[in-house]
Amino acid sequence: MHYKKLLLIVEDEAKLLRTLSDFLALQGYEVIQAADGQEALDVFYDNMNKIDLVLLDIMLPKISGNEVLKEIRKNSQVPVIMLTANSSVEGQLDSFSWGADDYIVKPYSLSIIKAHVEAILKRVGKYRQTLKAGELILDLLAQKVYRKGEYVETTRREYELLLFFMENQGRVLKREHILDAVWGFDYIGETRTVDTLVKQLRKKLTRECNYIRSVYGVGYIFEAGADGKEDH
């Protein structure tokens, strides 16, 4: 099972924020919101490892959209689409120079927003070659795992499980969801299969990368900042 892409929408006009959010939720996205620049940064940092794309208005209270963009780029390469009423070439060049991935001029249709979001997410997915979390790096092209720069030999299933965990960092994952995502919906088996594979993966990643945490009665959560005792 693949989780919905998480979008952060930053827009100070309440009606437009609600319209955009409702529309994109109907398109199958998970949406979180912010109504000014400061709130945008607060929400962003609270969800930095989960957000897949940011829709960012330029004219915002407290902190401008471009300033928010600059701050985001200090810590993340998450795709950012700027939304603005300013159609000037200079304005667009400014946003691109600060790291914007796309630029949509108001007024715009919802179908245009949808098309831009889909195109950016597709492009990012296509060209992404590595996935990093803590001391782990996944080479997505070669399907190899590296811990602190050293190659870790894994089975295909172990690799797919780790990839699923890293793509959903910070989210509590039920055993049933993990089973569906890694083994497929048509797999006939018990959720204890997940526990067995997690145990194997933990052993290979060692206590130095003890990022897979048990959530009692539910499943697991992957947190690259975790450094406590290993769960069993």
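Residues numbered from 1 in each chain as written. Predicted model: local features only at pLDDT ≥ 70, side-chain atom pairs only at ≥ 80, totals over all residues. Heavy atoms only, no water.

**Let's talk about the pattern of salt bridges**
With the rule as written, the count across this model stands at 12 salt bridges. For K62, the salt bridge is made with D36, and the minimal N-O distance between the two is 3.7 Å. Of this pair, K62 sits in the loop between β3 (53-57) and α3 (65-73) while D36 sits in the loop between β2 (30-34) and α2 (37-46), and the two are 26 residues apart along the sequence. The class of K62 is exposed, set by a relative accessible area of 70%. We classify D36 as buried; its relative accessible area is 12%. It is possible to trace a salt-bridge network through shared partners that takes in E11, D57 and K106. (Salt bridge = Lys/Arg side-chain N within 4 Å of Asp/Glu carboxyl O. Helix = DSSP H or I, 4+ residues; strand = E, 2+ residues; numbered from the N terminus. Buried < 20%, exposed > 50% of the residue type's maximum accessible area, 1.4 Å probe, protein only.)

**Examining the sheet that holds strand β4 (residues 80-84)**
An order of β2-β1-β3-β4-β5 is seen for the five strands of this open sheet, with the pairing classed as parallel. The sheet is open, and its two edges are formed by β2 and β5 (102-105), each paired on a single side. Averaged over all neighbouring strand pairs, the angle between strand axes comes to 20 degrees, with direction disregarded. Across the sheet, helix α1 (residues 14-26) lies against β1 (6-10), β2, β3 and β4, angled at about 165 degrees from β2, the strand it touches most. Contacting β1 and β2, α2 crosses the sheet at an angle of about 140 degrees to β2. (Pairing = 2+ DSSP bridges. Axes fitted to C-alpha atoms, helices over the stretch in contact; angles between N-to-C directions. Contact = heavy atoms within 4.5 Å.)

**A look at the sheet that holds strand β9 (residues 150-152)**
Judged by pairing direction, the sheet is antiparallel, and its four strands sit side by side in the order β6-β7-β8-β9 without closing on themselves. A strand with exactly one partner marks an edge of an open sheet, and here the two such strands are β6 (130-133) and β9. Averaged over all adjacent pairs, the angle separating strand axes in this sheet is 25 degrees, with direction ignored. Taken together, the three bridges between strand β8 (residues 144-147) and β9 define a ladder with antiparallel strand orientation. Among the inter-strand pairings, V145 is bridged to a residue of β9, identified as V152. On top of the sheet, helix α6 (residues 156-167) reaches β6, β7 (136-139) and β8; it is set at about 115 degrees to β7, its chief contact.

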